[in-house]
Amino acid sequence: MRIIVEEHPNILDVSELLRPEKSFTDKDVSKFRDYTVDDNDPLKERVRRTYKLMHTHQTVDFVKGRHAEWLKFDHFKANIRDALEKLNDLVDESDPDLDLPNIVHAFQTAERAREEYPEWDWLHLTGLIHDLGKVMAFYGEPQWAVVGDTFPVGCEWGPSIVYREDSFVDNVDGANPKYNTKCGMYQPKCGLQNLTMSWGHDEYLYRVLKHNKSTLPDQALYMIRYHSFYPWHSGGDYGHLTTEKDEEIKNWVLLFNRYDLYTKSTKKPDMEALWPYYQGLIDKYCPGELEW
């Protein structure tokens, strides 16, 4: 199934994109994002521990500190390919669907997007680099501050957040009246752009690309910045803080989610054979050495 849209559309019909047809993936779609608790399953326990740490420590003050630390863009310099190849050594500890190096998932995502939308080269590159902010894990950042689903800090936590029932009990913002109400430190309908998101790879890569003046279109930047904001784009939470324009952004994120989530499998693409094509896209949209 392929959605036909104009080359540079403003509004996308994604009514059929919430679940792909079975031919899209090599396992039943109901088996993705399984966060059930099983003390005897090492993978599920690793995921649960990662989220417990995230939901304990991701506070307003923590996120402000991460901005101060990372948004000076003085940790290292690297081109996109060199940064991507670091992901050969990263397994995402929050992911219940894949236990392979993250670079494998990057190519899986990119190639599926390329198959369905061969004319949108920016979408192919977005698929390849969307998790690139995870390089923070190689520079001292714990995985609970790098990977996993994101959420706004400074307001009541959305009900669809994974492990929501008991994972926030030690988060100090839950006892702060400035932050523990429905809107918290925000105004109603303030919009996505005005939310302070939990710190992770989405926000970091978005900021890196803006800082280094990437020419990727806004749609790509939306996908990168909000692809892990599952409580909003898939859970239906936080509608009291978002605007009508944010619904358009959600459409693009859901399109991207089709490739990000449902392509995860143990089938490995031939990355060496694919590099020349993707290097051309890197040179087009994110050339040279970037400041990270």
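We now turn to the structure provided with this report. All values derive from a computational prediction rather than experimental measurement.

1. Here's the deal with the packing of helix H4 (residues 102-116) against helix H10 (residues 244-260)
Look at H4 against H10: their axes get within 8 Å of each other, and the N-to-C directions meet at 120°. The angle between the axes of H4 and H10 places the two elements in the oblique class. Residues His105, Thr109, Arg112, Ala113 and Glu116 of H4 touch H10, and the partners they reach there are Phe256, Arg258, Tyr259 and Asp260. Grouping the amino acids of the contact of H4 with H10 by side-chain chemistry returns 3 nonpolar, 2 polar and 4 charged.

2. Topic: the pattern of salt bridges
Under the criterion given, the structure shown has 13 salt bridges. When the shortest N-O distance is used, the salt bridge between Arg81 and Glu85 registers 3.0 Å. Taken together, the positions of Arg81 and Glu85, both in helix H3 (residues 80-86) and 4 residues apart, correspond to about one turn of that helix. For the salt bridge of Lys134 with Asp131, the shortest nitrogen-to-oxygen distance reads 3.2 Å. Given a relative accessible area of 4%, Asp131 falls into the buried group. Linked by salt bridges that have partners in common, Arg81, Glu85 and Glu272 make up one network.

3. Some words on the packing of aromatic side chains
Taken as a whole, this structure holds 19 aromatic pairs when the rule is applied. Judged by centre distance (4.6 Å) and plane angle (10°), the rings of Tyr117 and Trp120 are stacked. In this pair, the class of Tyr117 matches that of Trp120, namely buried. A network of ring pairs unites the aromatic residues Trp70, Phe76, Tyr139, Trp199, Tyr204 and Trp292 as a single cluster. The aromatic ring of Trp275 is capped on one face by Arg81, whose charged end is 4.2 Å from the ring centroid. For Arg114, the ring lying beneath its charged end belongs to Tyr277, and the centroid distance is 3.7 Å.

Rules used in this analysis
- Residues numbered from 1 in each chain as written.
- Predicted model: local features only at pLDDT ≥ 70, side-chain atom pairs only at ≥ 80, totals over all residues.
- Heavy atoms only, no water.
- Axes fitted to C-alpha atoms, helices over the stretch in contact; angles between N-to-C directions.
- Helix = DSSP H or I, 4+ residues; strand = E, 2+ residues; numbered from the N terminus.
- Parallel < 35°, antiparallel > 145°, perpendicular 65-115°, else oblique.
- Contact = heavy atoms within 4.5 Å.
- Nonpolar A, V, L, I, M, F, W, Y, C, P; charged D, E, K, R; others polar.
- Salt bridge = Lys/Arg side-chain N within 4 Å of Asp/Glu carboxyl O.
- Buried < 20%, exposed > 50% of the residue type's maximum accessible area, 1.4 Å probe, protein only.
- Phe/Tyr/Trp six-rings, centres within 6.5 Å; stacked < 30°, edge-to-face > 60°.
- Lys NZ or Arg CZ within 6 Å of the ring centre and 35° of its normal.

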